[in-house]
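Working through the structure, step by step
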Amino acid sequence: MTTASGYPLLQALSQVADFRKSRGRRHPLVGILALGCAAALCGASSLTAVSQWGCDHNHQLLAKLGLTHFPGPSPATLCRVFSQVDVAALEQALSEWWRAWLPALGPLALDGKTERGSRRGSQAAQQLLAAFAAQVRVVLAQRAVNNSDEIGTALALLEGLDLTGWIVTGDAKLTQKAIVDKIMAQGGDYVLTVKDNQPTLRDDIATLFSEPAVVAETITATRRTDLHGSRIEVRTLQASSALTAEYCGWAGLQQVFRVERHRIDKRTRTHTVTVGFGITSLPPARADAQRLATLLRGHWAIENRLHWIRDVDFGEDASRIHSGKAPQVMAIFRNIAIGFLGVLVSVTDSGHQTPPPFAWARQCSSPRTGRSWASWRRHSRPTAVATCPGCAVGRLVRRG
């Protein structure tokens, strides 16, 4: 039986050192950060909205978040704190907090997102790279991309993670030998796509599947047909274990695969065909063609279950916060809100009974509806932030 053994979110937030001088300091840093988490859980997308959320609640509720003065911090205070807080320490504390609650739960998608609203004059918009556990909709780790170096950022992000039991997925840009080496060194597995940025590897895989009869005994295949309105999409994936890590020079390589996609538009009668390739460290016994197709398609859950929700439901792209580290801090709060609501939705979907403090989540079919229900229930936000998701996570991951 696997059980959760983590600790409260407030304990994690308290690990971030306060950069402010003691003189004139009114609100504890842990309280300010917890206020941001609670307000984000209700959809607050601006510093004014976060401050107003604090002003609209009484002493007892704010005390649960670690605040000692009423009303809560002003927008100016929030701007000063969020723009200068040690965001690396905050990200690390939250990453350790989530990992204390969650065991390895399958695929871990790596992908970057640009915060368009953070652009200001000649100041470029901030880009964030996240490691997203799609099964429970949790951002396990996140880092800011500096100087458009997404590969270097991915290496730094993976360095701080124990990947045992996780399957890292990524697009072709992250298909680099250094990243593959890091994933294997951290105890994980990978499923990565291959395009023209790795021409030798791509040609080797294409050559292999150009004469499938020669290696027929090493090949597994799967086919799937989907209908989207007037569009028919047929995907065929073939996987082979004929190419070895020694021959290709990629650490841990167990299989390569070829994906062929046919898209037919019934209205325009157009028919397009695309072919893609990929590599994985999963052997055939652990991942046949059907599972690889599921993992490959599941990678894009990071777009639907994280990026889209942050943009549309939490108004990230519309936000005009741009001072210092404040855009990344607000993104962190949104990640926590999406992760917590995602865990509750996953508990409900899995058929487990929702813990009594979060009984309102039984009505939630998505993080979007969960956010609405949380905002309508006065006592739910401090309970969620001041305690922990342990009672929910424990029921989700328990086996036996």
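Here's what I pulled together on the structure shown here. (Residues numbered from 1 in each chain as written. Predicted model: local features only at pLDDT ≥ 70, side-chain atom pairs only at ≥ 80, totals over all residues. Heavy atoms only, no water.)

Section: the overall build of the chain
For clarity, the threshold we go by: Runs of E in the DSSP output that reach at least two residues are strands. Runs of H or I that reach at least four are helices, and both are numbered from the N terminus. Residue exposure (1.4 Å probe, protein chains only): buried if accessible area is under 20% of the type maximum, exposed if over 50%, otherwise partly exposed. Contacts were defined at the residue level, with two residues in contact if any of their heavy atoms lie within 4.5 Å. Using a 1.4 Å probe, accessible areas were evaluated by the Shrake-Rupley method; residue-level cover was limited to the displayed protein chains.
Scanning the chain from N- to C-terminus turns up 16 helices and nine strands. Expressed as a percentage of its 400 residues, the buried residues of the chain come to 52%. Within the chain, residue pairs in contact and separated by at least 24 positions form 65% of the contacts whose partners lie at least 6 positions apart. Total accessible area computed for the chain in this model is approximately 17500 Å², and 49% of it derives from carbon and sulfur atoms.

Section: the pairing of strand 1 (residues 106-115)
Quick reminder of the rule: Only strands joined by at least two bridges in the DSSP assignment are considered to pair.
Among the 10 residues that make up strand 1, eight are buried, leaving the element largely enclosed by the rest of the structure. As defined by bridge partners, strand 1 adjoins strand 4 (residues 166-170) across four bridges and the pair is classed as parallel. Looking at strand 4, one finds that Pro-107 is bridged to Ile-167. Pairing of strand 1 with strand 2 (residues 126-133) involves eight bridges; the strand directions are antiparallel. Note on strand 2: the bridge partner recorded for Leu-108 is Ala-133.

As for the packing of helix 2 (residues 29-41) against helix 5 (residues 75-84)
When two helices pack together, you describe them by how their axes are tilted relative to each other and by the distance separating the axes. The following threshold applies: Only the contacting stretch of a helix is used when fitting its axis, a line to C-alpha atoms as for every element, and angles between N-to-C directions run 0 to 180 degrees. For classification purposes, an angle smaller than 35 degrees is called roughly parallel, one larger than 145 roughly antiparallel, one from 65 to 115 roughly perpendicular, and anything else oblique. Each residue is assigned to one class: nonpolar for Ala, Val, Leu, Ile, Met, Phe, Trp, Tyr, Cys and Pro, charged for Asp, Glu, Lys and Arg, and polar for all the others, Gly among them.
Packing of helix 2 against helix 5 leaves a shortest axis separation of 11 Å and a crossing angle of 100°. For the element pair helix 2 / helix 5, the angle class is roughly perpendicular. Residues Leu-29, Ile-32 and Leu-33 of helix 2 touch helix 5, and the partners they reach there are Thr-77, Leu-78, Val-81 and Phe-82. Across the contact of helix 2 with helix 5, the residue classes break down as six nonpolar, one polar and no charged.

Examining the nonpolar core
What counts is decided by this rule: Definition of nonpolar core: a set of buried residues of the types Ala, Val, Leu, Ile, Met, Phe, Trp, Tyr and Cys, connected through side-chain atoms within 4.5 Å.
With 98 residues, the main nonpolar core has Leu-13, Phe-82, Ile-205 and Ile-279 as its most contacted residues. The element that contributes the greatest number of residues to this core is helix 13 (residues 326-349), accounting for 12 residues. Ignoring anything within four residues of it in the chain, the contact list for Phe-82 reads Ile-32, Leu-33, Leu-47, Lys-325, Ala-326, Val-329, Met-330 and Phe-333.

Focus on helix 8 (residues 177-185)
Condition: Note that the arc is defined by the directions from the helix axis to the C-beta atoms.
Buried within helix 8 are the following residues: Ile-179, Val-180 and Ile-183. The buried residues of helix 8 all sit within an arc of 100° when viewed along its axis, so they share a single face. Buried positions along helix 8 lie against helix 7 (150-159), strand 4 and strand 5 (189-194). Taken from the residues just after helix 8, Gly-187 is the one with a positive phi, measuring 90°.

Some thoughts on the layout of surface pockets
Rules: Grid points spaced at 1 Å and placed over the protein atoms alone form the basis of the search, with a cavity being a set where a 1.4 Å probe fits but cannot get out and a pocket an open set showing protein on both sides within 12 Å along at least five of seven lines. Lining residues have an atom within 4 Å of a point. Grid points are joined across faces, edges and corners, and a volume is the space filled by probe spheres set on the points.
There is about 710 Å³ of room inside the largest pocket. In terms of lining residues, the largest pocket is bounded by 33 residues, among which Val-259, Arg-261, Leu-296, Arg-297 and Trp-300 are the most central. Those elements that provide at least two residues to the lining of the largest pocket are strand 4, strand 5, strand 6 (219-228), strand 7 (231-240), strand 8 (255-265), strand 9 (270-280) and helix 11 (289-298). A per-class count over the lining of the largest pocket returns 12 nonpolar, nine polar and 12 charged. Estimated volume of the second largest pocket: approximately 320 Å³. Lining the second largest pocket are 19 residues, and of these Ala-88, Glu-91, Gln-142, Arg-143 and Ala-144 lie nearest its centre. Taken together, the elements giving at least two residues each to the lining of the second largest pocket come down to helix 6 (87-101), strand 3 (138-144) and helix 7. Counting residues per element, the lining of the second largest pocket draws most heavily on helix 6, at five residues.

Structural notes on the sheet that holds strand 3
An order of 3-2-1-4-5-9-8-7-6 is seen for the nine strands of this open sheet, with the pairing classed as mixed. At either margin of the open sheet sits one strand with a lone partner, and together these are strand 3 and strand 6. In this sheet, neighbouring strand axes are inclined to one another by 20° on average, regardless of whether the strands run parallel or antiparallel. Bridge count for strand 2 against strand 3 is six bridges, and the pairing is antiparallel. Its bridge partner being in strand 3, Leu-129 is matched across the sheet by Arg-143.

Remarks on the packing of helix 2 against helix 3 (residues 47-55)
Their axes nearest at 9 Å, the elements helix 2 and helix 3 cross at an angle of 100°. The angle between the axes of helix 2 and helix 3 places the two elements in the roughly perpendicular class. Note on element contacts: helix 3 touches helix 2 through Val-50, Trp-53 and Gly-54, opposite Leu-35, Gly-36, Ala-38 and Ala-39. Taken together, the residues of the contact of helix 2 with helix 3 break down into five nonpolar, two polar and no charged.

Focus on empty space enclosed by the protein
With a probe scaled to a water molecule rolled over the atoms, the places where space remains empty come into view. Counted under the stated rule, the structure contains three cavities of 30 Å³ or more. What the largest cavity holds in volume is close to 90 Å³. In terms of lining, the largest cavity is formed by Glu-91, Leu-94, Ser-95, Trp-98, Val-139, Leu-140, Ala-141, Gln-142, Ile-332, Asn-335 and Ile-336. Among the secondary structure elements, those contributing two or more residues to the lining of the largest cavity are helix 6, strand 3 and helix 13. Within the lining of the largest cavity, the residues separate by chemical class into seven nonpolar, three polar and one charged.

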